[in-house]
Amino acid sequence: MDTAPLSADVLEELRQFDTPTVCNALEIVAPRRRAYGYTTSPLVCPDPDTVMVGYARTATIRANAPSGRSGADDLAVRVGYYRHMAAGPQPTITVIQDIDASPGYGAWWGEVNSSIHAGLGSLGVITNGSIRDLGEWAPGFGALAGSIGPSHAWVHVVEYDVAVTVHGMTVRPGDLIHADRHGAVVVPADVAADVPAAAAKIAAAERVLIDAARSEGFSINRLTALLDPKGDH
C-alpha cells in the first residue's frame, strides 16, 4: 500500500453508505473512475446486511486438480498465505480469484477458513469462487461469492499478495474496498476522505426527487419543475 492507512473515523463514515452510493460519489471526486474499479457481475451474498470497508489481501486459487507441489511446499505456501492475510493495516477484506476454467469447482471458503480469516482480522471475502458450510460460517464474516457449492475438491492457493480480478474488479494488495450486497468497489486512497461528503450531497439531492415522487399529486409537471427549476427546457 502506497499511502498511510485512513483514520478509523473515515472508515466508519464510509460504512454509513451503501456501495452504489459510494460508486456515485466516486463519479464526483474521481471522475475517471466512472466506468471501472467495481464488480460488474452478480455475486452471492448470504447475509444481506453485509457491509465491509477494509484493505485488500489477495490470492489466487485452483481446485480442479492437485497443486503438484510437494507437501512441504504446499505447507510453505499456505503459511505464507496466512501471514499475508494477518499483515496490517487492518481491518482487511480477503479478495480471492478462482482461476479454474470453471470457477467454483471447489470451495476455499467454509467453516474453517471463515473462522481463521475472521480471527486474523478479515471482515469477509470477495471471490468469484464458491463458498460452503453456510450454517457453520464464522459469525459476522461477510461474503460475496460467485456460487455456493458442497466440496473443496483439491482447492489450494496458487499465489498470494498479487493483483487479482474478481467479476470485473481488479484489486491490488492494500487497496481500500467498500462492499455490500450489491457488490464491491475499490476506493482510491487519495480521495477516500472526500467520499462521505460527496455521498451525502448526492443522497440529499436524490431525496428531493424521491420524496416528491412518493407524495400525493406528483406529476410530470412537478418532476419537470424539480429537474429544470429555471424552466429553460
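Residues numbered from 1 in each chain as written. Predicted model: local features only at pLDDT ≥ 70, side-chain atom pairs only at ≥ 80, totals over all residues. Heavy atoms only, no water.

Participant: How would you explain the side chain of Thr-127 if you had to name every residue and give the values?
Facilitator: By secondary structure assignment, the location of Thr-127 is in strand S3 (residues 122-127). Overall, the relative accessible area of 0% leaves Thr-127 in the buried class. Within the local environment of Thr-127, its side chain forms a polar contact with the backbone oxygen of Ile-96, the two atoms lying 2.9 Å apart. Residues contacting Thr-127, with those up to four places away along its chain left out, are Leu-43, Ile-96, Trp-109, Leu-144, Ala-145, Gly-146 and Val-166. (Helix = DSSP H or I, 4+ residues; strand = E, 2+ residues; numbered from the N terminus. Buried < 20%, exposed > 50% of the residue type's maximum accessible area, 1.4 Å probe, protein only. Polar contact = N/O pair within 3.5 Å; in protein donor to acceptor, adjacent residues only side chain to side chain. Contact = heavy atoms within 4.5 Å.)

Participant: Go over the nonpolar core, please, and point to the residues and values.
Facilitator: Grouped together as the largest cluster of nonpolar side chains are 20 residues, with contacts concentrated most on Val-22, Leu-26, Leu-176, Val-187 and Val-195. Ignoring anything within four residues of it in the chain, the contact list for Val-187 reads Val-22, Leu-26, Leu-176, His-178, Ala-192 and Val-195. One finds Ile-61, Ile-96, Trp-108 and Ala-143 within the second-largest nonpolar core, a separate group that totals 19 residues. (Core = buried A, V, L, I, M, F, W, Y, C linked by side-chain atoms within 4.5 Å.)

Participant: Go over the pairing of S3 with me, naming the residues and quoting the values.
Facilitator: Extensive coverage of S3 is indicated by the burial of five of its six residues. Here four bridges tie strand S2 (residues 92-98) to S3, and the two strands are oriented parallel to one another. Each bridged residue has a counterpart across the sheet, and for Thr-92 the counterpart in S3 is Ser-122. Of the crossover connections in this fold, the one passing from S2 over helix H4 (residues 111-119) to the parallel S3 is right-handed. In this structure, S3 lies alongside strand S5 (residues 142-144), joined through three bridges in parallel fashion. What sits directly across from Gly-124, in S5, is Gly-142. (Pairing = 2+ DSSP bridges. Right-handed = clockwise from strand over helix to strand, strands pointing away.)

Participant: Any chance you could break down the packing of aromatic side chains for me, citing the residues and the numbers?
Facilitator: Two measures describe an aromatic ring pair: the distance that separates the ring centres and the angle between the ring planes. A complete count under the given rule lists four aromatic pairs for this structure. On the numbers, 5.2 Å between centres and 70° between planes, the contact of Tyr-81 with Tyr-82 is edge-to-face. Judged by its relative accessible area of 0%, Tyr-81 is buried. Using a relative accessible area of 15% as the deciding quantity, one classes Tyr-82 as buried. Centroid distance Trp-137 to Phe-141: 5.9 Å. Interplanar angle 50°. Geometry classified as tilted. A relative accessible area of 6% places Phe-141 in the buried class. An aromatic cluster of at least three residues, connected via ring pairs, comprises Tyr-81, Tyr-82 and Trp-108. When the ring centre of Tyr-36 is taken as origin, the NZ or CZ atom of Arg-33, which lies over that ring, is 5.1 Å away. (Phe/Tyr/Trp six-rings, centres within 6.5 Å; stacked < 30°, edge-to-face > 60°. Lys NZ or Arg CZ within 6 Å of the ring centre and 35° of its normal.)

Participant: How would you explain the pairing of strand S11 (residues 183-187) if you had to name every residue and give the values?
Facilitator: Counting buried residues in S11 gives five out of five residues, a clear majority hidden from the surface. What you see with S11 is no split at all: Gly-183, Val-185 and Val-187 on one side and Ala-184 and Val-186 on the other are buried throughout. Where strand S10 (residues 176-180) and S11 come together, five bridges link them in antiparallel fashion. Of the residues in S11, the one forming a bridge with Asp-180 is Gly-183. The hairpin formed by S10 and S11 contains two residues between the paired strands.

Participant: Lay out unusual backbone geometry with the relevant residues and their values.
Facilitator: With an omega of 0°, the peptide bond running from Gly-88 to Pro-89 counts as cis. Along the chain, Pro-89 turns up in the loop between helix H3 (71-86) and S2. Across the junction of Gln-90 and Pro-91, the peptide omega takes the value 5°, indicating a cis bond. Structurally, Pro-91 is set in the loop between H3 and S2. Unusually for a residue other than glycine, Asp-133 sits at a positive phi of about 55°. Here Asp-133 lies in the loop between strand S4 (130-131) and S5. Here Asp-133 falls in the partly exposed class, since its relative accessible area comes to 28%. The backbone of Ala-153 sits at a positive phi, close to 50°, despite the residue not being glycine. Following the sequence through the fold, Ala-153 ends up in the loop between strand S6 (147-148) and strand S7 (156-160).

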